[in-house]
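Summary of the model geometry
Take a look at the letters that make up each chain.
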Amino acid sequence: SAILLHVNPDCIKSLSFSQVALLGNDREFEDFTLSLISLVGLQQLHLIDCCLLNDLGVLPLDTILNGISTYGALPNLNHIELYAVDIDREPVGSFLSPGALANLVRYKASLTKLNLEDLTLTDAHIVELARAMETNRTLMILKLWGCAVLDRGMTAIAGMLERNKWLLQLDLSYNEIGDDGCTAVAKSLYVNNTLKSLKLVRNESISNGSKGYRALLEMMKWNHVLEELLLQPLPESDSDLGFYLFVNRHRYLLENENITRVQLVDTLHSHNNDITFLYHFLKAKPSLCDIEVRKPA
């Protein structure tokens, strides 16, 4: 805290605490937070693999997040990363109140990117976060990578996506989302017309042919906005899902009724002669090809 108080408050744009233990009592964490929010020029805050030790057993991360969320505090802060944070060597979810996390999203008006990675959160955390996101108009990127999200939390996120019109990227990789949660989010994306990227990698229940996968595939026939949907690694050339994503990414080109074969060749060159690109393009525009289009080997 003493070091932060001697820093020019306008000159620090990014602050990172990595692989350190922050130790203190309740008053000392309050002083640390006051020093932190005095850095009015701060744009990015990263707590990476940190251990927060409070000898009174209270919630130091709550103290920090509530301070950051205070009206008028850190007006330029747009990116917060909490990665593998623990408290007293225990997973952070047991020591971080759902309300503090929700208030960060609800009241931090400058926030555009929030990374919560490898934090063991509970359903209550995800539900409260989703409720706060329903009215958030600034956050564009949300990463909940490895946060132990289950179907109940995913259902809350799906409800949020029906109301939130500003989120562009959502990463839910390495969680425990099953068919029910996956189906719920698929239904929400019939309504949501702003989300461009959804990552569900390594949610082991979501596999080719599962109920959740089929719901996502059916949704992609109607959603014309989503450009990235990552599940288990599947070659795009071998999946209908890859074709629908291709159409969304290149809709501006495919809807050009006057494109010629010469322009197609130029477009192919601009994509490094990618055979998958050519396959999908000719599948969408068969009039440009006199022969049957076959899947690439």
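Calculation rules
Residues numbered from 1 in each chain as written. Predicted model: local features only at pLDDT ≥ 70, side-chain atom pairs only at ≥ 80, totals over all residues. Heavy atoms only, no water. Pairing = 2+ DSSP bridges. Helix = DSSP H or I, 4+ residues; strand = E, 2+ residues; numbered from the N terminus. Contact = heavy atoms within 4.5 Å. Axes fitted to C-alpha atoms, helices over the stretch in contact; angles between N-to-C directions.

Looking at the sheet that holds strand 2 (residues 21–24)
Note on sheets: strands pair through backbone hydrogen bonds, and any given pair is parallel or antiparallel. Spatial ordering of the open sheet is given by 2-4-6-7, a layout of four strands whose pairing is mixed. For this open sheet the edge positions go to strand 2 and strand 7 (90–91), each flanked by a neighbour on one side alone. Taken together, the two bridges between strand 6 (residues 86–87) and strand 7 define a ladder with antiparallel strand orientation. Looking across to strand 7, one finds that I87 is bridged to E90. Taken strand by strand, helix 2 (residues 26–37) contacts strand 2 and strand 4 (51–54), and its axis lies near 125° from that of strand 2.

Remarks on the pairing of strand 4
Both strand 2 and strand 4 contribute to a ladder of four bridges, which runs parallel. In the strand pairing of strand 4, L22 is matched with L52. Examined bridge by bridge, strand 4 and strand 6 share two bridges and lie parallel to one another. Within the sheet, the bridge partner assigned to L52 lies in strand 6 and is I87.

Details of the sheet that holds strand 9 (residues 141–143)
Spatially, eight strands are ordered 1-3-5-8-9-10-11-12 in an open sheet, and the strand pairing comes out parallel. The open sheet has two edge strands, strand 1 (14–18) and strand 12 (228–230), and neither has a second partner. Sheet twist, expressed as the average angle between the axes of neighbouring strands with direction ignored, equals 0°. Strand direction decides the pairing type here: strand 11 (residues 197–199) and strand 12, joined by three bridges, are parallel. Residue S197 lies in a different strand from strand 12, and its bridge partner there is E228.

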